[in-house]
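Report on the structure
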Amino acid sequence: MREVLEQDLQKVLSDALEMLGTVERMLPMAADVLLHQNVKRLPEIRAVDREVDALESRIEAECLRIIALHQPVARDLRLVALVLKSLSDIERMGDYAVHVAADGAELAQAAPLKRYVNLGRMLERLQEMSGHLRAAITERDLTKAGEALQMDDEVDDLYEQIQRELVTYMLEDPRNISKSLTLMRVGRSLERIGDHMENVAERLPYWLTGQREGQIRH
């Protein structure tokens, strides 16, 4: 039975990593729509988001099956709990990526207010953050989890900078208000993607050590 449980746990973890990797694939799609006005990719990113939703349902069912069949304890149970709690975070990340693409498609209908340099940087950092988070889970590495959290700090700083810039644009010319509000929403969506990755990263110490209070920031 132990061998079967190990196989089931590895499968559910692999599926969760696949789900995270699928969301990670959505980020350059959103960037392509937002930064390069490639609105043809909007249906593509929505299709991938449906893949994410299907993975969420499948993984949740598998976690519940593991609990019912194996009644896992200790670290095994903590792994199942990590996956179950993280599913909604990963699913929401996909939703926000679609929001970014949809807002990007709307913005593409007119000349850009400005070059979206900091939004591009946020997207780059989020991709790096997702890569570190996947590595942290795969390698059971809390140092990499800490690095992911540091990247989220940078995402937050970029978000605050974008908000200040856009307020200035609105104050300078009321005609900028509509585009500025849409760009603020884009920034907020990206910031929320980082927050959801942060939620997953902050659960790793409990899974790996059993300690609820884990310090992984450096």
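What you see is a predicted model; the values in this text were computed from it and never measured. (Residues numbered from 1 in each chain as written. Predicted model: local features only at pLDDT ≥ 70, side-chain atom pairs only at ≥ 80, totals over all residues. Heavy atoms only, no water.)

1. Considerations on the overall build of the chain
What counts here: Secondary structure elements are taken from DSSP: a helix is a run of H or I of four residues or more, a strand is a run of E of two residues or more, and numbering for both begins at the N terminus. Both definitions apply: the radius of gyration is a C-alpha atom measure, and the globule rule equals 2.2 Å times residues to the power 0.38. Think of it in three bands: with a 1.4 Å probe and only protein chains considered, a residue is buried below 20% of the maximum accessible area for its type, exposed above 50%, and partly exposed in between. Note on contacts: a residue pair is in contact if any heavy atoms of the two residues lie within 4.5 Å.
Within the chain one finds six helices and zero strands. The linear arrangement of helices and strands in the chain, starting from the amino end, is α-α-α-α-α-α. Computed over C-alpha atoms, the radius of gyration of the chain comes to 19 Å, within 12% of the 17 Å expected from 2.2 N^0.38 for 218 residues, which places it in the range of a compact globule. Across its three principal directions, the C-alpha atoms of the chain cover 65 × 35 × 20 Å. Counting all 218 residues of the chain, 50% fall into the buried class. Relative to all contacts within the chain whose residues are 6 or more apart in sequence, the contacts with residues 24 or more apart total 81%.

2. Quick look at the packing of helix H4 (residues 117–139) against helix H5 (residues 142–172)
Stated precisely, the cut-off is as follows: Axis geometry follows a simple rule: fit a line to the C-alpha atoms, using only the stretch in contact for helices, then measure angles between N-to-C directions, giving values from 0 to 180 degrees. By definition in this entry, angles of less than 35 degrees are roughly parallel, angles greater than 145 are roughly antiparallel, angles of 65 to 115 are roughly perpendicular, and the rest are oblique. What makes a crossing left-handed is the near helix being turned counterclockwise from the far one by less than a right angle; a clockwise turn instead makes it right-handed. Polarity classes work like this: nonpolar for Ala, Val, Leu, Ile, Met, Phe, Trp, Tyr, Cys and Pro, charged for Asp, Glu, Lys and Arg, and polar for all others, with Gly in that last group.
Across the interface, H4 lies against H5 with an axial gap of 8 Å and an inter-helix angle of 165 degrees. In terms of their interaxial angle, H4 and H5 are classed as roughly antiparallel. With respect to the hand of their crossing, H4 and H5 are arranged in left-handed fashion. Grouping the amino acids of the contact of H4 with H5 by side-chain chemistry returns 14 nonpolar, three polar and nine charged.

3. Digging into the side chain of Asp103
What counts, and what does not: Under this definition, polar contacts are N or O atom pairs within 3.5 Å; protein pairs additionally need one hydrogen-donor-capable and one acceptor-capable atom, and for neighbouring residues in sequence, both atoms have to be side-chain atoms.
Checked against the element boundaries, Asp103 lands in helix H3 (residues 74–107). Within the local environment of Asp103, its side chain forms a polar contact with the side chain of Arg185, the two groups lying 2.8 Å apart. The residues contacting Asp103, other than those within four sequence positions of it, are Thr182, Arg185 and Val186.

4. Here we look at the packing of aromatic side chains
Rules: Within 6.5 Å between ring centres, the rings of Phe, Tyr and Trp (the latter by its six-membered ring) count as paired, and their orientation is classed by plane angle as stacked under 30 degrees, edge-to-face over 60, tilted in between. Charges are assigned to positions over rings by a cutoff of 6 Å between ring centre and Lys NZ or Arg CZ, combined with an angular limit of 35 degrees from the ring normal.
Taken as a whole and assessed by the stated rule, the structure comprises zero aromatic pairs. Over the aromatic face of Tyr206 sits the side chain of Arg78, whose NZ or CZ is 5.7 Å from the ring centroid. The residue whose ring lies beneath Arg92 is Tyr96, and the NZ or CZ to ring-centre distance is 4.7 Å.

5. Here we look at the environment of Ala16
Structurally, Ala16 is set in helix H1 (residues 2–36). On the basis of relative accessible area, Ala16 is assigned to the buried category, the value being 10%. Ala16 sits 87 residues away from Asp103 along the chain, and the two C-alpha atoms are 28 Å apart. Apart from residues lying up to four places away in sequence, Ala16 is in contact with Ile59, Val83 and Ile90.

6. As for the nonpolar core
Side chains that are nonpolar tend, in soluble globular proteins, to be buried together. We count it as follows: As used here, the term nonpolar core means buried Ala, Val, Leu, Ile, Met, Phe, Trp, Tyr and Cys residues forming a set that is joined through side-chain atoms within 4.5 Å.
Ranked by internal contacts, the top residues of the largest apolar core, which has 69 residues, are Ile45, Leu119, Leu190 and Ile193. Elements with a minimum of two residues in this core: H1, helix H2 (42–70), H3, H4, H5 and helix H6 (177–209). Among the elements that take part in this core, H1 stands out by supplying 16 residues, more than any other. Excluding anything up to four places from it in sequence, Ile45 contacts Met26, Met29, Ala30, Ala97, Val98 and Ala101.

7. As for the pattern of salt bridges
Here is the rule we go by: A carboxyl oxygen of Asp or Glu within 4 Å of a side-chain nitrogen of Lys or Arg is what we treat as a salt bridge.
Under the definition given, this model contains 24 salt bridges. Measuring nitrogen to oxygen at the nearest pair gives 3.3 Å for the salt bridge that ties Asp32 to Arg41. When its relative accessible area of 16% is taken as the criterion, Asp32 is described as buried. Note on Arg41: relative accessible area 22%, which makes it partly exposed. Taking the shortest distance from any N to any O, the salt bridge between Glu165 and Lys114 comes out at 3.6 Å.

8. Re H3
Short version of the rule: How far a helix is expected to stretch is found by multiplying one less than its residue total by 1.5 Å. To obtain the bend at a residue, axes are fitted to the seven residues ending there and to the seven starting there, and the angle between these axes is taken.
Here H3 is 34 residues long and its end C-alpha atoms lie 50 Å apart, about the 50 Å a rise of 1.5 Å per residue gives. Helix geometry: H3 is bent most strongly at Ser86, by close to 35 degrees.

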